[in-house]
Amino acid sequence: MSYFMSAILGFVQGVAEFLPISSSGHLTLFQHFFGMPEADQLFNVLLHFATLLAVCVVYWQDIWEMIVEFFSFFGDVFSHSSRRGNPPEARRMVLLIIIGTLPLFLVLPIKDRVEAFGNNPIFVCCALLVTGCILFLSDQMARGHKTARNATLIDVLLVGAAQACATIPGLSRSGCTISAGMVRGFDRKFAVRYSFLMSLPAVLGATLLEVLDVLKLEGGVPAENIPKYLLGMAVAAVVGYFSIQLVKLLADQGRFGAFSFYCWGAGALFLLLSIMGWTLTTAP
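Residues numbered from 1 in each chain as written. Predicted model: local features only at pLDDT ≥ 70, side-chain atom pairs only at ≥ 80, totals over all residues. Heavy atoms only, no water.

Scanning the chain for helices and strands turns up 12 helices and 0 strands. When its helices and strands are written in sequence order, the chain yields α-α-α-α-α-α-α-α-α-α-α-α. For the chain, restricting intrachain contacts to residue pairs at least 6 apart in sequence, the fraction spanning at least 24 positions comes to 84%. (Helix = DSSP H or I, 4+ residues; strand = E, 2+ residues; numbered from the N terminus. Contact = heavy atoms within 4.5 Å.)

As structure tokens, this is what we get:
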């Protein structure tokens with residue numbers, strides 16, 4: 001893998017991970033139609049970790065407050081003290097994220113089967129078309145007012161179920177979760193914030209497990225690849241930061257569905273090419 005390809009893969013990850021256009025779907029289609037080399041497993045994991053860092057930078061204050069409240073909760077338990085009235089918003093946010101992550105555990109037993117759908121470009125194209133429909137309908141929802149203070153456990157379980165469904169290649173995780181939040185009456189800013197914060201435990205857990213697997217199988221990281229990995233991670237983190245800001249802006253303005261036209265266009269184009277059997281190697 002060259003430095004140029006490392007930067008390209010980092011750019012694609014940074015854009016597609018947060019914009020509601022499916023990073024897994026785009027990587028599958030680019031590799032199939034344009035001969036883009038498949039990155040090694042460790043590099044893929046590191047790119048996801050880089051985008052996780054972008055979320056931490058954008059929402060560092062929320063994350064810090066949740067960490068403080070998480071430990072304060074156990075401090076209250078062991079000191080036998082309790083707070084009257086509603087718990088602090090950051091403490092309730094921790095609970096909502098934990099509950100919203102639970103549906104992902106239902107996917108673990110069939111994880112390999114779900115990922116196998118990514119080997120079928122026609123399936124991925126159809127999933128992109130579905131993503132477009134989800135995004136378009138999300139903009140038709142009336143503006144909600146729910147935040148961490150009044151969102152219910154049913155609300156976040158349904159958003160979590162949308163995240164679990166989005167493990168299917170071609171379905172956008174951010175698109176499905178933000179849209180599900182809007183359907184449940186979330187304030188638009190909160191829907192975006194909850195979606196990205198909810199991704200942290202899932203991405204961090206998957207990153208740790210896969211890094212351990214890769215290091216166990218490969219016995220270490222080749223020294224000559226480290227600069228290329230760092231370049232791709234830096235590009236993914238910087239591009240991811242600005243992608244998050246763009247999603248926040250468009251969702252708040254009620255223009256989240258603008259991404260639907262891109263998903264429809266890309267899905268229809270690549271679906272046509274799939275039916276025609278076109279790839280870079282067969283093109284004239």
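One pass over the full model with this rule turns up 11 aromatic pairs. Plain terms: the ring middles of F43 and Y229 are 5.4 Å apart, the flat faces sit at 15° to each other, and that makes the pair stacked. Note that F43 is positioned in helix α3 (residues 41-58) and Y229 in helix α11 (residues 226-252), a separation of 186 residues in sequence. Y229 shares its class with F43; the two are buried. Centre to centre, the rings of Y59 and F196 are 6.4 Å apart; their planes meet at 45°, and the pair counts as tilted. Here Y59 is found in the loop between α3 and α4 (60-78), whereas its partner F196 is found in helix α10 (residues 188-218), with 137 residues between them in sequence. The same class applies to Y59 as to F196, namely buried. Grouped by ring-pair contacts, the aromatic residues F18, Y59 and F196 constitute a single cluster. (Phe/Tyr/Trp six-rings, centres within 6.5 Å; stacked < 30°, edge-to-face > 60°. Buried < 20%, exposed > 50% of the residue type's maximum accessible area, 1.4 Å probe, protein only.)

For the rest of this paragraph, the subject is α11. The terminal C-alpha atoms of α11, which comprises 27 residues, lie 39 Å apart, in line with the 39 Å expected from a rise of 1.5 Å per residue. For α11, the set of buried residues is K228, Y229, G232, M233, A236, V239, G240, S243, I244, V247, L250 and A251. Phi turns positive one or two residues past the end of α11, at G254, with a value near 75°. (Expected span 1.5 Å × (residues − 1).)

In this section: the pattern of salt bridges. With the rule as written, the count across this model stands at 8 salt bridges. For R188, the salt bridge goes to D139, with nearest N and O atoms at 3.9 Å. Linking R188 in helix α10 with D139 in the loop between α7 (121-138) and α8 (153-165), this pair joins segments that are 49 residues apart in sequence. Overall, R188 belongs to the buried group, its relative accessible area being 6%. Here K146 ties to D155 by a salt bridge, and the two come within 2.9 Å at their closest N and O atoms. Among the ionic contacts, a cluster of salt bridges with common partners joins D62, E89, R149 and R193. (Salt bridge = Lys/Arg side-chain N within 4 Å of Asp/Glu carboxyl O.)

Orientation of helix α5 (residues 89-101) relative to α8, taken along the N-to-C sense of each, is 45°, at an axis distance of 7 Å. As far as their axial angle goes, α8 and α5 are oblique. Between α5 and α8 lies a crossing of right-handed hand. In this structure, α5 uses L95, L96, I99 and G100 to contact α8, whose residues at the interface are L153, V156, L157, G160 and Q163. (Axes fitted to C-alpha atoms, helices over the stretch in contact; angles between N-to-C directions. Parallel < 35°, antiparallel > 145°, perpendicular 65-115°, else oblique. Left-handed = near helix turned anticlockwise from the far one by under 90°.)

Take A237: it is sitting in helix α11. For the pair A237 and L53, spaced 184 residues apart in sequence, the C-alpha separation works out to 6.6 Å. Beyond its immediate sequence surroundings of up to four residues, A237 is in contact with A50 and A54.

Another aspect to go through is α3. The terminal C-alpha atoms of α3 lie 27 Å apart, and with 18 residues this matches the ideal 26 Å at 1.5 Å per residue to within 8%. Where α3 is concerned, the buried positions are L42, F43, V45, L46, L47, A50, T51, L52, A54, V55 and V58.

We now examine the environment of L208. Along the chain, the position of L208 falls in helix α10. When its relative accessible area of 51% is taken as the criterion, L208 is described as exposed. In this structure the C-alpha to C-alpha distance between L208 and F49, which are 159 residues apart in sequence, comes to 9.3 Å.

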